[in-house]
Each structure stands twice: as structure tokens, then as C-alpha cells.
Amino acid sequence: MEFRRRLAQGVGVVAVAGAAGGVLSYGAVRDRERHTARCSDRGYPPRPPFYPFWFKWMLHGHDIPSVRRGFEVYQKVCANCHSMVELSFRHLINEVYPEKRVKQIAAQYDVFDGPNQEGEIFVRPGIWTDSFPRPYPNDDAARYANGGALPPDLSGIVAGMHGNADYIFSLLTGYRDPPEGMPMNPGQYYNTYTEGGIIAMPPPLSDGIIEYEDGTPATVSQMAKDVAQFLTWATEPATDERKLIGIKAASAAFIGGLFSYTYCRMIYIQYRTRRIDFVKPVFT
Ligand code: HEC
């Protein structure tokens, strides 16, 4: 009995120590990821720093006012070159804008449809089931208009980039004058966060380039933050729901665990405390 108790205690101590070690080392890794860029950083191009975006925490959802402003930035700036083929106007309904407003926004665009009864392709105002319009009819036209570089589709860009939303923010705010002596061809721009420091996208943002509907001052960093939030939402519109389901499932599992532990103890207590004596029958 004594030995078994010792063994159980030992296993308990090891388990607690293991869990504490795991938490601490995870924290250390997170800390390393979180620090801002330092001169001693190895690797090139520099890793984007950790920005405290609201959605990064387990209990936080998307910051919808910011997503809405980000959509304005996308619509007025990025959509001139970048497509978002996987998004339709209907995705915005009740997530970003109310239904009426989405219909108004969709109606601002001209969409090719058809063929009609006469077999012809015609143009009509957009409706809420249409996907976001593409700026160019095909990839070759996009390359031709951008000096040979293809602007990537932005529907899933946040998941596709190392650094995710942090990278988008860093990229949009990372344009600088090239260092002395660095040869730059026409159509190339210097950006600290890209491979080789060169990118074919001209700096898309400048202070006051758009006017926000809610009157927020449109500085470069504000627009970069908002569009990073919007692109994150666009990559995974269901994150909020998923987090909510996760929290519900975890709490249900916790409560269920408590119940089954108690029930188990209740049932087994009679066996554990049972005492069986083998005594010789006494015949009289
Ligand atoms: C004038 C056209 C133009 C506009 C406007 C524009 N882009 Fe781009 N973008 C490009 C091109 C061209 C590339 C491809 C660059 C390359 O391959 O070097 C690109 C690449 C990118 C990339 C990928 C970068 C990488 O590391 O590969 C991201 C992200 C991006 N753009 C986001 C945006 C966002 C967000 C906006 C709006 C604020 C925007 N772009 C506006 C033309 C544009």
C-alpha cells in the first residue's frame, strides 16, 4: 500500500513538473517571437515584429470596425491591382455591413453577365451574390499592366505569408529609400521586409489617400493596420465562430470531466475501502 502511494505521488510530481516545464518553454518561444526587430537578429529579410492585433488572443474576435475600414482601403486602393476571387459581396452581410449597405456597394460595380436570350454577354449592376470584381480579365493582362509582376490574389494571402497579418502591416509600412549604391531598375521599389529588399509593387499607401466613412484619420499606419485586419478576416471569416465553439467545447469537456471523475470515485469507493478477510470456517 505504502509503495503504491509513493509511486502515485512520484508520478503526480513528474506530471506537474512536466506541465510547468511545457508552459514555461512555450512562453519562452512566444517571447522570442514577440520581440520587436533587433540589430542582432539573424536572417534576412528581417522577421516582422509582433504586433498586438486584437484577434490574436484566444478570447478575442475580429475588430469589426477596423475590418470595415480595411474593406474601404481594399476597395479604393488594393482592388485596382489585386483580385479576391474567393470572396463575394454576400460574405460581408451581417459580418461587416448590414444587408442593405452590401447591396448598395455591390450595385456600384458593373458586372458582365450572360448570355441572354439573344446569346449576348451584357453588363448589369452587381448584386450581392456576385464575387468581388477582378481588376484584370486574366493573369497576362495583370502582368502586362504591372511591368511583368503578377499581383497575387488576396483572398488567402494572410495564411500564405510568413508572419501573417504582421507581415502585411510591415510590408505596407516598410517602403524606404534604397541604401546608397544599391542599383534599382525602373519598376522596382525598396522595401525592408522583402527578399533582397526589392518588390515590384509601388508603395500603395500615402497619408490621406482615401477618406474613411467613419472619419478616422487615414494615415499610412492606420490604413495598413485596417487592411491587415480585413485581409485576416477575409482569409478566415469563420474564426470568431470557431473560437466560440472551441470555448464551449472546452468548458463542456471540463464540466463533463469533473462529473465523470466524481462518479468514478463514487462507484469505486466501495471497492477500494472494502475489506475481505479470509478466515477459516469454524465448524462446531
Ligand atoms: C499598382 C498596383 C498595386 C496596388 C495598388 C497594390 N498592389 Fe500589392 N502587389 C502589386 C504587384 C505588382 C505585386 C507583386 C510584387 C512582386 O512580385 O514583386 C504585389 C504584391 C503584393 C503582396 C505580396 C508581397 C510578397 O511578399 O510577395 C501583398 C501582400 C500585397 N501586394 C498587398 C497589397 C495591399 C494590401 C494593397 C492595398 C493597400 C496593394 N497590395 C496594392 C501591385 C499592387
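Under an unreviewed UniProt entry, the protein chain has the name Cytochrome c domain-containing protein and belongs to Vitrella brassicaformis. As stated in UniProt under Subcellular location (unreviewed entry), the record for the protein chain gives "Membrane".

Draft legend 1. Expanded view of the confidence of the model for the protein chain. Across the protein chain, the average pLDDT comes to 88, with 91% of residues at or above 70. Taken element by element, the protein chain is modelled with least confidence in helix 1 (residues 2-34), mean pLDDT 68, and with most confidence in helix 7 (residues 220-235), mean pLDDT 96.

Draft legend 2. Representation of the site of the ligand within the structure. Neighbouring the ligand are 22 residues, the closest being Cys78, Cys81, Ala200, Met201 and Pro204. For the shell around the ligand, the leading source of residues is helix 6 (residues 164-173), giving three residues. Its residues assigned to classes, the shell around the ligand comprises 18 nonpolar, four polar and no charged.

Draft legend 3. Layout of the UniProt feature "binding site: heme c" (unreviewed entry) in the protein chain. Per the UniProt record, "binding site: heme c" (unreviewed entry) is annotated on Cys78, Cys81, His82 and Met201. Spanning 124 residues, the named residues form one tight spatial group whose C-alpha atoms are at most 10.7 Å apart. Structurally, Cys81 is set in the loop between helix 2 (64-76) and helix 3 (99-107). The contact partners of Cys81, leaving out residues within four places of it in the chain, are Pro135, Asn146 and Pro151. Checked against the element boundaries, Met201 lands in the loop between strand 4 (198-199) and helix 7. For Met201, the contacting residues outside a window of four places in its chain are Pro151 and Tyr189.

Draft legend 4. Broad picture of the UniProt feature "domain: Cytochrome c" (unreviewed entry) in the protein chain. UniProt records the feature "domain: Cytochrome c" (unreviewed entry) for residues 65-217 in the present numbering. From the first C-alpha to the last, residues 65-217 spans 14 Å; its make-up is 27% helix and 8% strand.

Draft legend 5. Unusual backbone geometry, seen in detail. The omega angle of the peptide bond from Gly114 to Pro115 is -5 degrees, so this bond is cis rather than trans. Relative to the helices and strands, Pro115 is located in the loop between strand 1 (110-113) and strand 2 (122-125). Even without being a glycine, Asn94 presents a positive backbone phi close to 65 degrees. As for its position among the elements, Asn94 is in the loop between helix 2 and helix 3. Look at Asn94 and you get exposed, because 10 C-beta atoms sit within 10 Å. The phi dihedral of Asn164 is positive, around 45 degrees, even though this residue is not glycine. In this structure, Asn164 sits in helix 6. Owing to 19 C-beta atoms within 10 Å, Asn164 belongs among the partly exposed residues under this scheme.

Parameters and conventions
The residue count restarts for each chain, going from 1 along the sequence in the order it is written. Per-residue local features of the predicted model are confined to residues with pLDDT of at least 70, and side-chain atom pairs are confined, for both listing and counting, to 80 or more; whole-chain, interface and lining totals are unaffected and use all residues. UniProt positions are given in the numbering used here, feature names are shortened, and annotations may be inferred rather than shown by experiment. Every residue carries a pLDDT, the predictor's confidence in it, which falls somewhere between 0 and 100. A run of H or I in DSSP counts as a helix once it spans at least four residues, and a run of E counts as a strand once it spans at least two, with each numbered from the N terminus. Here, nearness means that the C-beta atom of a residue, built from backbone geometry, sits within 6 Å of the molecule or strand in question. Residues are grouped as follows: Ala, Val, Leu, Ile, Met, Phe, Trp, Tyr, Cys and Pro are nonpolar; Asp, Glu, Lys and Arg are charged; all remaining types, including Gly, are polar. We call two residues in contact when the distance between their C-beta atoms, placed using the backbone, is within 7 Å. Counting other C-beta atoms within 10 Å of its own, a residue is labelled buried from 20 upward, exposed at 12 or fewer, and partly exposed in the gap between, with every C-beta atom placed from the backbone.

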